[in-house]
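# Fold and geometry: a report
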Amino acid sequence: MAANLQTAWKTLREEAAHCTRCDLYKCATQTVFGEGPLDATIVFVGEQPGDQEDIAGKPFVGPAGQLFDAALEEAGIERARTYVTNAVKHFKFVQRGKRRLHSKPNGGEIAACRWWIDHERELIKPPVTVALGATAARSLVGKVVTISGTRGKPLTLADGGECWVTIHPSFLLRIREDADRRTERQRFVQDLKRIRDRAKKLAA
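These remarks concern the structure in this document. (Residues numbered from 1 in each chain as written. Predicted model: local features only at pLDDT ≥ 70, side-chain atom pairs only at ≥ 80, totals over all residues. Heavy atoms only, no water.)

### Some details on the packing of helix 4 (residues 107–124) against helix 5 (residues 134–141)
Where helix 4 contacts helix 5, the two axes come as close as 9 Å, and the packing angle between them is 65°. Here helix 4 lies roughly perpendicular to helix 5, going by the angle between them. Like other packed secondary-structure pairs, helix 4 and helix 5 cross with a definite hand, here right-handed. Taken together, the residues of helix 5 that come into contact with helix 4 (itself represented by Gly 107, Ile 110, Arg 114, Ile 117 and Arg 121) are Thr 135, Arg 138, Ser 139, Leu 140 and Val 141. Among the residues making up the contact of helix 4 with helix 5, the classes are represented as four nonpolar, three polar and three charged. (Axes fitted to C-alpha atoms, helices over the stretch in contact; angles between N-to-C directions. Helix = DSSP H or I, 4+ residues; strand = E, 2+ residues; numbered from the N terminus. Parallel < 35°, antiparallel > 145°, perpendicular 65-115°, else oblique. Left-handed = near helix turned anticlockwise from the far one by under 90°. Contact = heavy atoms within 4.5 Å. Nonpolar A, V, L, I, M, F, W, Y, C, P; charged D, E, K, R; others polar.)

Below you can see the structure in the form of structure tokens.
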């Protein structure tokens with residue numbers, strides 16, 4: 001069974017590597033697919049790959065990923081035991097000289113890429129799926145939702161799975177005041193601790 005599951009996931013990843021469901025593949029370096037154990041009790045869904053993720057081909061390896069790793073460690077969650085992916089699998093950006101600046105995916109791009117996230121979750125069947133930010137929440141819930149209106153409480157997805165919404169770690173990088181950043185980071189860690197406890201309960 002485990003071997004069949006792994007084969008199905010590898011096939012899905014290989015198909016995603018050639019995805020042309022929207023136009024983002026034309027400028028991105030590569031598809032950045034999810035990674036992690038297929039028996040993970042928590043699936044984290046971000047927005048899209050950033051510049052460093054696009055080059056490396058792995059999710060959450062840039063500055064936001066480093067902050068994410070540190071917050072997970074503080075919350076007592078081992079990243080290696082979670083599955084990490086993105087709502088949109090190609091990097092959307094605007095070229096500014098030599099720099100590639102992040103550009104938020106639109107509704108059509110989110111909808112086109114939802115096919116992949118749905119299949120990832122169908123294979124893994126996680127007790128808890130976490131939307132990191134509003135784009136991920138829109139992808140999972142199927143409509144526009146606010147973080148303030150959904151944060152800290154479980155949502156039931158169309159397939160019956162449970163979803164929790166919190167901030168994307170990149171939000172913390174944009175906060176200028178140190179005191180405000182520390183406060184919001186602690187809120188994020190507390191969210192992760194609640195998610196950790198909820199996943200343990202559901203997986204028991």
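Next comes the rest of the description.
### Here we look at the pattern of salt bridges
Enumeration over the complete set of coordinates arrives at 18 salt bridges. Between Asp 39 and Arg 81 there is a salt bridge, with the nearest N and O atoms lying 3.5 Å from each other. Taken together, the residues Asp 39 in the loop between helix 1 (2–16) and strand 1 (42–46) and Arg 81 in the loop between helix 3 (63–75) and strand 2 (83–86) connect sequence positions 42 residues apart. By relative accessible area, which is 41% here, Arg 81 ends up partly exposed. (Salt bridge = Lys/Arg side-chain N within 4 Å of Asp/Glu carboxyl O. Buried < 20%, exposed > 50% of the residue type's maximum accessible area, 1.4 Å probe, protein only.)

### Regarding helix 3
In a regular helix each residue adds 1.5 Å, so 13 residues correspond to 18 Å; helix 3 covers 19 Å between its end C-alpha atoms and thus fits that length. Directly after helix 3, the chain includes Gly 76, whose backbone phi takes a positive value near 80°. (Expected span 1.5 Å × (residues − 1).)

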